[in-house]
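Geometric and topological summary
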Amino acid sequence: CKNDVIYLDGTGSATIDTSNVVASFMDNCTVDTIYLSNYNYSCSDTGVNFVMIYIEDINGNIDSCQATVTVRDTLKPLVFCSNVTVYLNASGQATIDTSFVLSSFTSNCNIDSVYLSDTLFTCLDTGVNPVWVFVLDINGNIDSCMSAVTVLDTTSPIIICKDTVIYLDINGSASIDSSYVLNSFSDNCIVSNVTLSKSTFSCTDTGINSVLIIASDPSGNIDSCRSNVRVLDTILPTAICTNTTIFLDSLGLGSLLVSDLDGGSFDNCGIISTTISKSNFNCSDIGTNAVTLTVTDNSGNISTCTSTVTVIDDIAPIVTCPPAVMDTILLNDCKFVVPDYSLILNASDNCTQNDSLVYSQIPLPGTVIDFTNKLDDVSTLSVSISTTDKEMNQSNCNFDIKIGCRLNASVPQIFSPNGDGINDILYVYGRNFNKFSFIVYDRWGEIVFESNDPNSGWDGNFRGKPSLEGVYVYYFYAETDQLGDIIRKGDVTLVR
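Attention here is on the structure that accompanies the text. (Residues numbered from 1 in each chain as written. Predicted model: local features only at pLDDT ≥ 70, side-chain atom pairs only at ≥ 80, totals over all residues. Heavy atoms only, no water.)

1. What about the layout of surface pockets?
Put simply, the rule reads: A cavity, in this analysis, means grid points on a 1 Å lattice covering only the protein atoms where a 1.4 Å probe fits yet has no way out; a pocket is instead an open set bounded by protein on both sides within 12 Å along at least five of seven lines, and a residue lines either one if it has an atom within 4 Å of a point. Grid points are joined across faces, edges and corners, and a volume is the space filled by probe spheres set on the points. Helix and strand labels come from DSSP, where a helix needs a run of H or I of at least four residues and a strand needs a run of E of at least two; each type is numbered from the N terminus. Here the term charged refers only to Asp, Glu, Lys and Arg, the term nonpolar to Ala, Val, Leu, Ile, Met, Phe, Trp, Tyr, Cys and Pro, and the term polar to all other amino acids, Gly among them.
Estimates place the volume of the second largest pocket at around 270 Å³. Along the wall of the second largest pocket there are 17 residues; nearest its centre are Phe25, Met26, Ile55, Asp63 and Ser64. Among the elements of the structure, strand E3 (31–36), strand E5 (47–57) and strand E6 (62–72) are those that each provide at least two residues to the lining of the second largest pocket. Along the lines of polarity and charge, the residues of the lining of the second largest pocket split into 10 nonpolar, three polar and four charged.

2. Looking at the side chain of asparagine 49
We count it as follows: Three exposure classes are used, based on accessible area relative to the maximum for each residue type with a 1.4 Å probe and protein chains only: buried under 20%, partly exposed in between, and exposed over 50%. The term polar contact refers here to a pair of N or O atoms within 3.5 Å; inside protein, the definition further demands a hydrogen-donor-capable atom paired with an acceptor-capable atom, and it admits residues adjacent in sequence only when both atoms are side-chain atoms. What makes two residues a contact is simply this: any of their non-hydrogen atoms within 4.5 Å.
Residue placement: asparagine 49 occurs in strand E5. Of the residues examined, asparagine 49 reaches a relative accessible area of 15% and is grouped as buried. A distance of 2.7 Å separates a polar atom in the side chain of asparagine 49 from the backbone oxygen of aspartate 45. Among all residues touching asparagine 49, those that are not within four sequence positions of it are Tyr41, Ala67, Thr68, Val69 and Val71.

3. Examining the state of the cysteines
Selection criterion: Only a pair of cysteine sulfur atoms within 2.5 Å qualifies as a disulfide here.
Summed over all chains, the structure comprises nine disulfides. The residue that forms a disulfide with cysteine 123 is cysteine 189, at a sulfur-sulfur distance of 1.9 Å. For the disulfide bridge between cysteine 123 and cysteine 189, the dihedral angle about the S-S bond is near -90°, and by the sign convention the bridge is left-handed. One end of the pair, cysteine 123, is in the loop between strand E12 (120–122) and strand E13 (127–137); the other, cysteine 189, is in the loop between strand E18 (182–186) and strand E19 (193–196), with 66 residues separating them in the sequence. Each disulfide pairs two cysteine sulfurs, and for cysteine 321 the partner residue is cysteine 397, the sulfurs being separated by 1.6 Å. For the disulfide bridge between cysteine 321 and cysteine 397, the dihedral angle about the S-S bond is near -75°, and by the sign convention the bridge is left-handed. Taken together, the residues span a long stretch of sequence, with cysteine 321 in the loop between strand E29 (318–320) and strand E30 (325–331) and cysteine 397 in strand E36 (residues 394–405) at a distance of 76 residues. Here cysteine 321 falls in the partly exposed class, since its relative accessible area comes to 32%. No disulfide involves cysteine 29; its sulfur sits 20 Å from the nearest other cysteine sulfur, which is in cysteine 65. Classification of cysteine 29 by relative accessible area gives partly exposed; the value is 39%.

4. Concerning the sheet that holds E5
Inclusion rule: Whether two strands pair comes down to DSSP finding at least two bridges between them. Here, axes are lines fitted to C-alpha atoms. For helices the fit covers the stretch in contact, and angles between N-to-C directions go from 0 to 180 degrees.
With respect to topology, four strands assemble into an open sheet ordered E1-E6-E5-E3, the strand pairing being mixed. Only two strands of the sheet have a single partner each, and these edge strands are strand E1 (4–7) and E3. Recorded for the sheet is a direction-independent mean angle of 30° between the axes of neighbouring strands. Bridging between E5 and E6 involves 10 bridges; their strand directions are antiparallel. Opposite asparagine 49, over in E6, you have valine 69 as the bridge partner.

5. So, the sheet that holds E13
One open sheet holds the four strands; their spatial order is E8-E14-E13-E11, and the pairing between them is mixed. With one partner strand each, in any of the chains shown, strand E8 (84–87) and strand E11 (111–116) form the two edges of the open sheet. Going across the sheet, the axis of each strand differs from the next one's by a mean of 30°, ignoring polarity. Sheet topology places E8 next to strand E14 (residues 142–152); four bridges connect them, and they run parallel. The residue bridging tyrosine 87 from the neighbouring strand is leucine 152, located in E14.

6. Overview of unusual backbone geometry
The step from isoleucine 362 to proline 363 runs through a cis peptide bond, and the omega angle for that step is -5°. Mapped onto the secondary structure, proline 363 falls in the loop between strand E33 (358–362) and strand E34 (368–370). If you check the backbone angles, asparagine 423 has positive phi at about 55° while not being a glycine. Tracing the sequence through the fold places asparagine 423 in the loop between strand E37 (414–415) and strand E38 (433–441). Relative accessible area serves as the criterion here: at 18%, asparagine 423 is assigned to the buried category. For arginine 463, which is not glycine, the phi torsion reads 55° and is therefore positive. Its place among the elements puts arginine 463 in the loop between strand E40 (461–462) and strand E41 (465–466).

7. Some thoughts on the packing of aromatic side chains
Stated formally: Geometry of aromatic contacts follows a simple scheme: Phe, Tyr and Trp rings, the Trp one being its six-membered ring, pair when their centres are within 6.5 Å, and the pair is stacked under 30 degrees between planes, edge-to-face over 60, tilted otherwise. Over a ring means this: the NZ of a Lys or the CZ of an Arg is within 6 Å of the ring centre and within 35 degrees of the ring normal.
Enumeration according to the criterion identifies eight aromatic pairs in this entry. Arranged with centres 5.1 Å apart and planes meeting at 20°, the rings of tyrosine 115 and phenylalanine 134 form a pair that is stacked. Of the two residues, tyrosine 115 sits in strand E11 while phenylalanine 134 sits in strand E13, which places them 19 residues apart along the sequence. Ring geometry for tryptophan 458 and tyrosine 472: centres 5.3 Å apart, planes at 70°, overall edge-to-face. One end of the pair, tryptophan 458, is in the loop between strand E39 (447–451) and E40; the other, tyrosine 472, is in strand E42 (residues 470–480), and 14 residues separate them in sequence. Pair check on accessibility: tryptophan 458 and tyrosine 472 agree, each one buried. Ring pairing ties together the aromatic residues Phe415, Trp458 and Tyr472, which thus form one cluster. The residue whose ring lies beneath lysine 198 is phenylalanine 201, and the NZ or CZ to ring-centre distance is 5.4 Å.

Following this line, the structure appears as structure tokens:
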């Protein structure tokens, strides 16, 4: 006998005959048959098998020997793969087994195991992954194929928004990132990008702004939500005041504009209004006045400052003066009593009442000037009257009076029976009268005063009551040794 090695075929079978195991044989006669204890082998016979070889001659004599038949399986299994697409779950994982990628396989003997190079996939594996499929038979023969496993992530991120409030800065701007508006976010893998439809804000955005937040993962899955971003401007305007001076006009009035006090107020988002607490002034405001400048911005924030407004009246009283040269006054006693000419002035002022105006006359009213040494001559007396208001503004009147001394009789043009001791009695001025008559009439021709005594004058009363202010007419007659008969007619003004 001889030993032999045989190989299973594609069906897992192998067959031998005597040639495989009989090295030689001989017999003195003729060999009738040679037969074996086993001719057929299968997958279950792999390894060493003992085979008995029997030889029998024609006379029935038998001999035998034993050979070893080693059965081997060297044929690889045949395996066929298929490509597959798998999807990551909520945990970001996907698991496969052979059923996902193994299309078919065959083997002449039994399969011991089928295994994969990779069965677990995560977010890092998204895309195409080569997976090897290995098929091992019971005899250690192995075959493999490769499957393209495409791992997809189709799970969208989950984001939850929140509303927020932001405040503009001194430049009128504010900015946000996702932390302002994103309450939470999650994804089975990772959120790779978060974008905001608006992240910078200015004064034009005050109020509520709807902002769209979009979150995406590396696979392009997205989720979105909206946040209400309330933009507030709480920065107060900067109010800048300046002091100013105004001058009252001829009516005693003055006014201000906002621009007169606003020294350049500003705000981060713009000023909607600027007002002042007082814009019109009159005589009662002369001096310093505190005026408040109020600045309001577009968001209703308010700031104030205070200006000092100095009100000045620099307008002098308006005075209508007498003529530059008054009519000649003839004196019969050569002594002239200076009247109070302020009583005939027509004066007014923008801020001072007429009865509060102060007059100053040179020469003073009541001054007696003696022209005796200028008999039968005409002299000039210069009179100056200043009119002063409460603010010490002053107007001046200057005029001349022509005075002649003829030892004649004269009657003043004005008298003022107001009890001040100056020019209270209307006399006929003169001397050396032999015969004397002085009569005063009112405008209706009624006699209000009559006297034949040069030392008796009219006190401005009629029937025990003060006569009205106005113009009265007088008549005077006198006889003198020097000038003969004197007759005077004229008018006199009564003022109080």
